[in-house]
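# Notes for the structure review
For reference, the chains in residue letters:
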Amino acid sequence: ETLRTVAAARNLRVGAAVNDRALETDNGYRDKLKYEFNSVTPENAMKWGNVEPEPGVHTWAKADAVVSFAQENNQMVRGHTLVWHGGLPTWVSDGSLSDQELRAALQRHVETTVKRYAGRVAVWDVVNEVLAEDGTLRQSIWLRRLGPGYIADAFRWARAADPSAKLYINDYNAEWNNPKRAGLYNLVRDLRAQGVPIDGVGFQTHAMIKESASEPLPLTQLRSTLQLFAGLGVDVAVTELDVRLKLPVDESRLAAQGEVYRRAAEACLAVARCVSLTMWSLTDRYSWVPSSVPGWGAAHPLDENLAKKPAYLRLRSGLKDR
Ligand code: G3I
């Protein structure tokens, strides 16, 4: 049994972020991706800076490779991500464009990208991380230069470019009851009320095991949060699940991590509108964590040798239990 077979039996998409270099060079990695998952998300390959490094010069090869792999292996693709303050090409982020030029460039980027993959990318993270921790809109290049209407615009451009794609807003630290979750809830509610074409809400779900064993494990409110947003009439998804550990790794931390993975699977399964559960890397061999969060790592279901950790086993059993 694999994650893929147990998820498919529950009508759920289980996915992984794809490291484009590993996809090219690592056979063992490719096999895991193929057998364990029925959904993939390019970890970086579709970010604007990677697909249009110079204005009008498109470099689709790495994104195409992920999409072709998915087609060969009958996997869904979650496109990530169209509008973000990160991963931008220098010609966009360096402030050289006027407001009008910037807006035109963003529209062109959304339309070109969505049209290219129409029919092949089923779901788009249209806007990513647009909220600040206090629940107000993030002070990003997009808010400052285009005003708050950029969010509704992006969804409308994406819908027109591929009417069949499901369009998501995606964010982190909104998995529990806090001001950011309230801001996200109000934003989605208002966008829906205005007829903006938004189909789903993605919860990134980057979790960690706290240093002290006396701290409660995270994700206790994931299920109720998914349910809350489903009440707005949208799909929900866990889009970037990982559970980082304070290094060094020890058995009790690995066990706690396994419990958190199981919890995430159970939460998604318990909510009818939770349609997919994606890991932000399947393996510790390729991980954004150690370089971005020094002193932390081992965040993923497979270890550096692609062997199954307790996290994998608990995740798989969480996808089976009722
Ligand atoms: O490809 C270059 C390589 O040529 C160069 O030698 C190297 C030196 O720094 O950089 C490489 O690019 C890096 C890329 O990852 C591939 O490893 C970028 O610098 C680095 O910024 C990039 O980090 C990614 C990050 O987003 C920023 O785009 C992470 O892999 C990726 O996991 C992370 O993913 C984000 C989601 O998109 C949104 N939610 C949070 C999540 C984690 O931060």
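Our subject is the structure that appears above.
Residues numbered from 1 in each chain as written. Predicted model: local features only at pLDDT ≥ 70, side-chain atom pairs only at ≥ 80, totals over all residues. Heavy atoms only, no water.

### Some words on unusual backbone geometry
The criterion, for reference: We count a stretch as a helix when DSSP gives it H or I for four or more residues in a row; a strand needs E for two or more, and each element gets its number in order from the N terminus. Think of it in three bands: with a 1.4 Å probe and only protein chains considered, a residue is buried below 20% of the maximum accessible area for its type, exposed above 50%, and partly exposed in between.
Residue Thr81 follows His80 across a cis peptide bond; omega there is -5 degrees. Residue position: Thr81 is located in strand β3 (residues 76–83). Residue Thr205 is not a glycine yet carries a positive backbone phi of 65 degrees. Residue classification places Thr205 among the buried residues on the basis of a relative accessible area of 0%.

### Observations regarding the nonpolar core
Condition: Nonpolar cores were defined as sets of buried Ala, Val, Leu, Ile, Met, Phe, Trp, Tyr and Cys residues, with membership established by side-chain atoms within 4.5 Å. Two residues form a contact once any of their heavy atoms are found within 4.5 Å.
In terms of nonpolar packing, the biggest core is built from 100 residues, with Leu33, Trp124, Trp142 and Ile169 touching the most fellow members. For this core, the element with the highest residue contribution is helix α12 (residues 251–270), accounting for nine residues. Discounting chain neighbours no more than four positions away, the residues touching Trp124 are Met46, Gly79, His80, Leu82, Thr113, Val114, Tyr117, Ala165, Lys166, Leu167 and Tyr168.

### Points about the packing of aromatic side chains
To keep things clear, this is the line we draw: Planes of paired rings set the category: under 30 degrees apart is stacked, over 60 is edge-to-face and the rest tilted, where pairs are Phe, Tyr or Trp rings (Trp by its six-membered ring) whose centres lie within 6.5 Å.
Enumeration over the complete set of coordinates arrives at six aromatic pairs. Judged by centre distance (5.1 Å) and plane angle (85 degrees), the rings of Tyr29 and Tyr286 are edge-to-face. Placement of Tyr29 in helix α3 (residues 27–36) and of Tyr286 in the loop between β9 (274–279) and α13 (289–292) is noted, with a sequence separation of 257 residues between them. Pairing Phe203 with Phe229 gives two aromatic rings, centres 5.0 Å apart and planes at 75 degrees, and the pair type is edge-to-face. Placement of Phe203 in strand β6 (residues 200–203) and of Phe229 in helix α11 (residues 222–230) is noted, with a sequence separation of 26 residues between them. Accessibility expressed as a relative area gives 0% for Phe203, which makes it buried.

### Details of the state of the cysteines
Convention followed: Counting rule for disulfides: a pair of cysteine sulfur atoms within 2.5 Å.
Evaluated as defined, the whole model comprises one disulfide. In this model Cys268 forms its disulfide with Cys274; the gap between the sulfur atoms is 2.0 Å. Taking the torsion about the sulfur-sulfur bond, which here is approximately -95 degrees, the covalent link between Cys268 and Cys274 counts as left-handed.

### Digging into the pattern of salt bridges
Pairs can form between side chains of opposite charge once their charged atoms are near each other. For the record, the criterion: When a carboxyl oxygen of Asp or Glu lies within 4 Å of a side-chain nitrogen of Lys or Arg, that pair is called a salt bridge.
Evaluation of the coordinates by the stated rule reveals 16 salt bridges. The partner of Lys320 in a salt bridge is Glu1, with the nearest N and O atoms 2.8 Å apart. On the criterion of sequence distance, the pair formed by Lys320 in the segment after α14 (310–318) and Glu1 in the segment before α1 (3–9) is long-range, its members being 319 residues apart. Accessibility expressed as a relative area gives 60% for Glu1, which makes it exposed. In this structure, the salt-bridge partner of Glu133 is Lys180, at a minimum N-O distance of 2.7 Å. Within this pair, whereas Glu133 is found in the loop between β4 (123–128) and α8 (141–146), its partner Lys180 is found in helix α10 (residues 179–193), the two being separated by 47 residues in sequence. Look at Glu133 and you get partly exposed, because its relative accessible area is 42%.

### Some words on the environment of Ser276
Its location among the elements puts Ser276 in strand β9. Taking C-alpha positions, Ser276 is 6.2 Å from Val238, a pair spaced 38 residues apart along the chain. Once residues within four sequence positions are removed from consideration, Ser276 is found in contact with Leu12, Arg13, Met76, Arg78, Val236, Ala237, Val238 and Cys268.

### Re the side chain of Glu175
Operational definition: Asp and Glu count as negative and Lys and Arg as positive, but His and the ends of the chain are not part of the count.
Relative to the helices and strands, Glu175 is located in the loop between β5 (166–171) and α10. One buried charged residue, Glu175, forms no salt bridge at all, with the nearest opposite charge on Lys180 at 8.0 Å. Beyond its immediate chain neighbours, meaning those up to four positions away, Glu175 contacts Phe203, Gln204, Thr205, Gln221, Leu222 and Thr225.

### A few points about the site of the ligand
Which entries qualify depends on this criterion: Only a single heavy atom is needed: when it lies within 4 Å of a molecule or strand, its residue is near that molecule or strand. In the analysis that follows, any N or O atom pair within 3.5 Å is treated as a polar contact, provided that within protein one partner can donate a hydrogen and the other can accept it, and provided that, for residues neighboring in sequence, both atoms belong to side chains. Method for areas: the Shrake-Rupley scheme with a 1.4 Å probe, in which residue coverage is limited to the protein chains shown. Basically, the charged four are Asp, Glu, Lys and Arg, the nonpolar ten are Ala, Val, Leu, Ile, Met, Phe, Trp, Tyr, Cys and Pro, and anything else, Gly included, counts as polar.
In the vicinity of the ligand, the contacting residues are Glu43, Asn44, Lys47, His80, Trp84, Asn128, Glu129, Gln204, His206, Glu240, Trp280 and Trp288. Here an oxygen atom of the ligand sits 2.7 Å away from a polar atom, N or O, in the side chain of His80. At 2.7 Å from a nitrogen atom of the ligand is found a side-chain nitrogen or oxygen belonging to Glu240. Against a free-state accessible area of 790 Å², the protein chains account for coverage of 42% of the ligand. When its residues are assigned to classes, the shell around the ligand shows three nonpolar, five polar and four charged.

### Observations regarding the pairing of β3
In plain terms, the rule: Strands qualify as paired when DSSP identifies two bridges or more between them.
Of all eight residues in β3, eight are buried; the element is thus mostly enclosed. Looking at chain direction, strand β2 (residues 39–42) and β3 are connected through two bridges and run parallel. Bridge pairing in β3 links Ser39 to Met76. Pairing analysis gives four bridges linking β3 to β4, with the strands arranged parallel. Directly across from His80, in β4, lies its bridge partner Asp125.

Bear in mind that shape data such as this cannot, by itself, settle questions of function.
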